[in-house]
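# Observations on the three-dimensional arrangement
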Amino acid sequence: MAGGPLAGQRLDHRRRRAHWRGRLGTVVLVLAAGWGGSVPAAAEGIVDVLQRSQQQRLDWLTRREAPDPVASARIQASFDAVLAAAPTPVPARLRVVHGGEVLAETVLGQVIVADATLAALPEGERCFVLAHELGHVALAHWARMGELYAAHLPGEVMRFRTEAVAGLLGADASGLAHRQEHEADAYGLALLRRLGHGPQDALALFMRLGARPDTPTHPATRKRVARLRAVDGGEAAGAAGPAANGEPGAAGADPRLAPGTERPDAGTPAPR
Ligand SMILES: [Zn+2]
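Residues numbered from 1 in each chain as written. Predicted model: local features only at pLDDT ≥ 70, side-chain atom pairs only at ≥ 80, totals over all residues.

So, about the nonpolar core. If you look at the biggest cluster of nonpolar residues, it comprises 43 residues, and the most contacted ones within it are Ile112, Ala114, Leu118, Leu130, Ala131 and Leu134. Broken down by secondary-structure element, the contributors of at least two residues to this core are helix 3 (69-85), strand 1 (93-97), strand 2 (104-107), strand 3 (111-115), helix 4 (123-138), helix 6 (159-194), helix 7 (199-209) and helix 8 (221-236). In terms of residues, this core owes the most to one element, helix 4, which gives eight residues. Residues contacting Ala131, with those up to four places away along its chain left out, are Val82, Tyr187, Gly188, Leu191 and Leu192. In terms of nonpolar packing, the next biggest core, distinct from the first, is built from twelve residues, Tyr149, Val157, Leu176 and Ala177 among them. (Core = buried A, V, L, I, M, F, W, Y, C linked by C-beta atoms within 7 Å. Buried ≥ 20, exposed ≤ 12 C-beta atoms within 10 Å, placed from the backbone. Helix = DSSP H or I, 4+ residues; strand = E, 2+ residues; numbered from the N terminus. Contact = placed C-beta atoms within 7 Å.)

To continue, consider the sheet that holds strand 1. Spatially, three strands are ordered 1-3-2 in an open sheet, and the strand pairing comes out mixed. Two strands close off the open sheet at either side, each with one partner strand: strand 1 and strand 2. Ignoring which end each strand starts from, the neighbouring axes of this sheet average 25 degrees apart. As paired elements, strand 2 and strand 3 share four bridges and run antiparallel to each other. Residue Val107 lies in a different strand from strand 3, and its bridge partner there is Val111. This element, helix 3, spans strand 1 and strand 3 of the sheet and lies at about 155 degrees to strand 1. (Pairing = 2+ DSSP bridges. Axes fitted to C-alpha atoms, helices over the stretch in contact; angles between N-to-C directions.)

Burial of strand 3 is extensive: five of the five residues sit out of reach of the surface. Burial of the side chains of strand 3 extends over both faces: Val111, Val113 and Asp115 are buried on one face and Ile112 and Ala114 on the other. Relative to strand 3, strand 1 is paired through five bridges, and the arrangement is parallel. Residue pairing in the sheet places Arg93 in a bridge with Val111 of strand 3.

This brings us to helix 5 (residues 141-152). Across its twelve residues, helix 5 extends 17 Å between first and last C-alpha, which sits within 8% of the 16 Å expected from 1.5 Å per residue. Along its buried surface, helix 5 packs onto helix 2 (46-62), helix 4 and helix 6. (Expected span 1.5 Å × (residues − 1).)

On to the confidence of the model for the protein chain, then. Considering every residue of the protein chain, the mean pLDDT works out to 76; 71% of them sit at 70 or more. Ranking the helices and strands of the protein chain by mean pLDDT puts helix 4 first, with 98, and helix 1 (residues 13-18) last, with 40. Every residue in residues 1-38 is under pLDDT 50, and counting partners more than four places away or in other chains gives 99 contacts. This model gives residues 239-272 a pLDDT under 50, and the stretch forms 64 contacts once residues within four places in sequence are excluded. (pLDDT = per-residue confidence, 0-100.)

Glancing now at the environment of Gly124. Along the chain, Gly124 turns up in helix 4. Sequence spacing of Gly124 and Ala202 is 78 residues, and the spatial spacing of their C-alpha atoms is 7.7 Å. With residues near it in sequence (within four places) discarded, Gly124 still touches Leu192, His197 and Asp201.

This part covers the packing of helix 4 against helix 7. Any two packed helices are characterised by how steeply their axes cross, that is the angle between the axes, and by the distance between the axes. Here helix 4 crosses helix 7 at 85 degrees, and the two axes come no closer than 8 Å. What the angle tells us is that helix 4 and helix 7 run roughly perpendicular. On the side of helix 4, the interface is formed by Gly124, Glu125, Phe128 and Val129, while helix 7 contributes Asp201, Ala202, Ala204, Leu205 and Arg208. (Parallel < 35°, antiparallel > 145°, perpendicular 65-115°, else oblique.)

Another aspect to go through is helix 7. All of the buried residues in helix 7 are Pro199, Asp201, Ala202, Leu203, Leu205, Phe206 and Leu209. Positioned one or two residues after helix 7, Gly210 has a phi angle of 90 degrees, which is positive.

Spelled out as structure tokens, the structure:
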């Protein structure tokens, strides 16, 4: 459905599960067992392979650019607001597509690709999605992930070597990806406050998307919500300045995440 309006509350079930499933805009973990179609070229380093894989994904995504100017404009306006609220300039740009697999993702470390259905969400939730993605860019997550891969696989990529380190690399990359998701959530939450929204918007989004289990790239929804509550509680205790991990400072008196009031995954069977 080419950029057609999709009521926020009526995201169909399959799409809702897909949103944020494997990635809300973080790296694609290209593990040694499968290069995602990117066969290493001669004398290619692992970062080159990752870059090429991401470029292929970006090319594929941008062939689906949203033809709906209203949806695109709405998302662009939110993105501009989020960008302006960032405490330091962030070299990110936005592309709006339709028929994507997730609400938004960050490709090549700086291109935020948003699905047109994002336009149908309430402003606060849309801003949280975009601010989360901006966090990935601002915190240089793609570069950090590349460094991790390069540390495991220095020099030229050769399959026999990648297979030897695949297990450890996968575990380390997954651990880093999870930390990056929490960092991006915290960054997004801080930006939300600067924009006059609050943590309830982040929670509303998680509830809308439904409970997700751990994946190689993303922590379970339950963990993300718990971490956001911890961040929120810490800031409520008086730390309005920048946090240690570089997320923007959060001033303002928005409602705090009230423990126990909203449980996106309470009573939900383990998702598939
Ligand atoms: Zn993310």
